[in-house]
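# Coordinates in review
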Amino acid sequence: MKSQYMIKPMIQKPNSELNNSRRRFVFGASAMLALMSIPFPKNAFANALSQSLSQLSGKVFDLSIDYKMVNFTGKSARATVVNQLLPAPLLRWKEGETVTLRVKNNLDHDSSIHWHGIILPTEMDGVPGFSFDGIKPGETFEYQFTVQQSGTYWYHSHSGYQEQTGLFGAIVIDPATPDPVIYDRDYVIMLSDWSDEAPENIYAKLKKQADYYNYRERTVMDFFSDVNKNGLANTWNARSMWNNARMSDTDISDVTGSTYTYLMNGNPPQQGWQGLFEQGEKVRLRFINSSAMTIFDVRIPGLKMSVVASDGQNIQPVSVDEFRIGVAETYDVVIEPEVDNAYCIFAQSIDRTGFTVGNLTSDASLHAPIPPMDPRPVLGHSDMGMDMNGMDMNGMDMNGMDMNGMDMNGMDHSKMDMGAGEMSGMDHSKMAMGGSDMSGMDHSKMAMGADDMSGMDHSKMPMGGGDMSGMDHSKMAMGAGDMSGMDHSKMDMGAGDMSGMDHSKMAMDAAKATVSGLGLAGFGSNNEIKHIDTEFGPQVDMRADAPKSGLHDPGIGLRDHQQQFNRKVLTYGDIKGLHPTYDTRQPSREIQLHLTGNMNRYMWSVNGVKFMDAAPLEFEYGERLRITLVNDTMMTHPMHLHGMWSELETGDPDFIPRKHTVLVQPGSKISYLVTADAKGQWAYHCHLLFHMPGMFRKVVVK
């Protein structure tokens, strides 16, 4: 197996016309449009080929934190670096070995390094005020711990805004046993965002004007366009709703390409990063989002990507064309490029205000064209937690619905999310299925969520002679729905051929339907969404009353890519652990946390309470519990729990994947399990740098 890292450090781009003003963004955006349709000049990549990432391996490491002047935009700015590198050196460890890292702080201020996603003792976690006092100027702190895992991770400062100014680097841990992922060559791809502005100034601007960096507010032309599309009344009502809420449907990212230059392995888009491969090689790309505030959507036009690891943990391979990577997440993918070809590794920001690129080729003289950015996303009602899942269908009369003779052979319910819909009063009593051909219906991924179906009446539903022999319910997840009152007693199945129906793997476990409100491990929460008193007040401007599940939603800006571009986009619902679930116990309790804020005032909190006023979350050592996150804002939040795994409940209790950072989409909810197996004080927070002061909690395991 060959491993090669060719990561070009930083500092190019002598373009003095690019500056950091609003005018620059207008110029930058138009320049980007021009760049979309042309390949980079060959000489732009020449330097990238001559430089590689500095890799350190072994058991003992000496790291020095310093300032350094860099130039990504055409003018110099001061960065915070490790061993004079940005990104910091790649650290290569071996599972099972004990590593010692001596970190010297040469800054004027306290510093620290947090080993993101690494399972270690709390005093080695590197969070000042929690696990240690931080590293004072001129002092050296020695970290030492045994490496208990393998995979792709990263490290960064947990002091001030040093992460924004460059203090981050990659970690690759080789497994102690043979790697289940087969590849010939691997590259680390670190995505980041850089601004010449001091992060303190960015934060101050956001506090004064939350949409300071949003240059895409609705215009008069947008209004008339909406009128043509939706009519005057609908447009007027929609605008009124947003205005009354003091929100903007274009507010996707707090900080945008107007000040950020997006980097790939420390290279701005004008420079690009380049990696080489040889004929017949399988290439493993280890993506790490080390940004301060930017979520990226990644694709490689012309290549399928097999996603083999998430947050360092191996998963069952998923073939995709595109994936979203939240701040602090990592994904490993394996690709099989063709020789004598070049491919563009394209990472566009979630708000489509910028991108960064790499060129993967077998021939250094070949350069892939850069694709255009996708259309900018616009928030909708579902992102406010106003989803159809919350519609009350109680009493919905389907008596007269005649399905006799309908051909349902090709119906695909695979992505039908029944969410939390109330179906207790639905009456199918006179629904005639007649001779319908349902042989090809696919319910394999139909998620019934926590639906209450107790009052559904199928008592007089004649199934006639329908052919249901090919119906596949094998993977139909009924969740924790209460079906105790469903009446099929008089359901006339007639002469229907059901001999081939497959319910073999249909999870109908009766216990699941009646378990004491928690829902079984792997299937997520079954509890009612509750907004507690602290969520009411000027600090909270939105509450999601009917949050949808975020499992099968690719996210804003990606939802129609299968239909529009024929791109399969990874969702959390696709992720299953490669190894069986480590802790198969049921959760003994659930903590429901609401991610809250007032976007207009740029205030962030959990349950309406900012960190400095919040009591710690207490876990009992050894307990198995569920955390359900409800996003009551219109921002996407990457939530990171230190010290313990977040075991994401994606519908398969036998292969629950482990993550360290979980994206929670706007107006949605997501659940994961935690085994509290690490005593001490741990940080738990949104990993968007400027959300962290409020959206942060201390977790105490005792």
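Residues numbered from 1 in each chain as written. Predicted model: local features only at pLDDT ≥ 70, side-chain atom pairs only at ≥ 80, totals over all residues. Heavy atoms only, no water.

As named in an unreviewed UniProt entry, the protein is Copper resistance system multicopper oxidase, taken from Shewanella livingstonensis.

With a probe scaled to a water molecule rolled over the atoms, the places where space remains empty come into view. With the rule as written, the count across this model stands at six cavities of 30 Å³ or more. There is about 140 Å³ of room inside the largest cavity. R324, E329, Y331, G550, D553, P554, L570, T571, Y572, T636, L663 and Q665 together form the lining of the largest cavity. Split by residue class, the lining of the largest cavity holds five nonpolar, four polar and three charged. Two domains each donate at least three residues to the lining of the largest cavity, and these are domain 2 (260-378) and domain 3 (533-701). (1 Å grid on protein atoms, 1.4 Å probe; cavity = no way out; pocket = protein on both sides within 12 Å on 5 of 7 lines; lining within 4 Å. Points joined across faces, edges and corners; volume = space filled by probe spheres on them. Nonpolar A, V, L, I, M, F, W, Y, C, P; charged D, E, K, R; others polar. Domains from an automatic or database assignment.)

The next point concerns the pattern of salt bridges. Any two side chains of opposite charge can pair if their charged atoms end up close together. Across all of its chains, the model carries 30 salt bridges by this definition. For R567, the salt bridge identified is with D374, shortest N-O distance 3.0 Å. Residue R567 is found in the loop between α7 (561-565) and β22 (589-598), and its partner D374 is found in the loop between β20 (355-361) and α6 (510-514); the two are separated by 193 residues along the sequence. A relative accessible area of 12% means that R567 is categorised as buried. A relative accessible area of 6% places D374 in the buried class. Residues K548 and D553 are paired through a salt bridge, measuring 4.0 Å at the closest nitrogen-oxygen approach. For K548, a relative accessible area of 8% corresponds to the buried category. (Salt bridge = Lys/Arg side-chain N within 4 Å of Asp/Glu carboxyl O. Helix = DSSP H or I, 4+ residues; strand = E, 2+ residues; numbered from the N terminus. Buried < 20%, exposed > 50% of the residue type's maximum accessible area, 1.4 Å probe, protein only.)

For the rest of this paragraph, the subject is the sheet that holds strand β18 (residues 330-335). The six strands lie next to each other as β11-β10-β13-β18-β15-β16, forming an open sheet whose pairing is mixed. Each having just a single partner strand, β11 (261-264) and β16 (313-320) make up the two edges of the open sheet. Taking each pair of neighbouring strands and ignoring which way they run, the sheet shows an average axis angle of 25°. Examined bridge by bridge, strand β15 (residues 305-310) and β16 share five bridges and lie antiparallel to one another. Bridge pairing in β16 places A309 opposite N314. (Pairing = 2+ DSSP bridges. Axes fitted to C-alpha atoms, helices over the stretch in contact; angles between N-to-C directions.)

With respect to the helices and strands, E535 occurs in the loop between α6 and β21 (548-549). The residues touching E535, leaving out its near neighbours within four places in the chain, are K530, V540, R543, H594, T596, N607, G608 and D632. (Contact = heavy atoms within 4.5 Å.)

A few words on the pairing of strand β9 (residues 168-174). Of all seven residues that make up β9, six are buried, and the element is covered over most of its length. The pairing of strand β4 (residues 88-94) with β9 spans five bridges and is parallel. If you follow W93 over to β9, its bridge partner there is I173. Summarising the sheet, strand β8 (residues 151-156) and β9 pair through six bridges and their orientation is antiparallel. Within the sheet, the bridge partner assigned to T152 lies in β9 and is V172.

Bringing the confidence of the model for the protein into the picture now. It should be kept in mind that the predicted coordinates are not to be read in detail where pLDDT is low. Scored by pLDDT, the protein has a mean of 80; 71% of the residues are at 70 or more. pLDDT under 50 marks residues 1-50. Its contacts with residues more than four places away, or in other chains, come to 133 contacts. Within the model, the stretch residues 387-515 combines pLDDT values under 50 with 258 contacts to residues more than four positions away or in other chains. (pLDDT = per-residue confidence, 0-100.)

With that out of the way, let us pick up the environment of K610. Tracing the chain through its elements places K610 in the loop between β23 (603-606) and β24 (617-619). Taking the relative accessible area as the measure of exposure, K610 reaches 37% and is therefore partly exposed. When residues no more than four places from it in sequence are discounted, the contact partners of K610 are W604, S605, G694 and R697.

Right, let's get into the pairing of strand β2 (residues 60-70). For β2 and strand β5 (residues 98-105), the ladder comprises six bridges, and the chain directions are parallel. Considered in β5, the bridge of S64 is made with K104. Where β2 meets strand β3 (residues 77-82), six bridges bridge the pair, whose relative direction is antiparallel. Paired with I65 across the bridge in β3 is V82. Between β2 and β3, which follow one another and run antiparallel, lie six residues, and G74 among them has a positive phi close to 110°.

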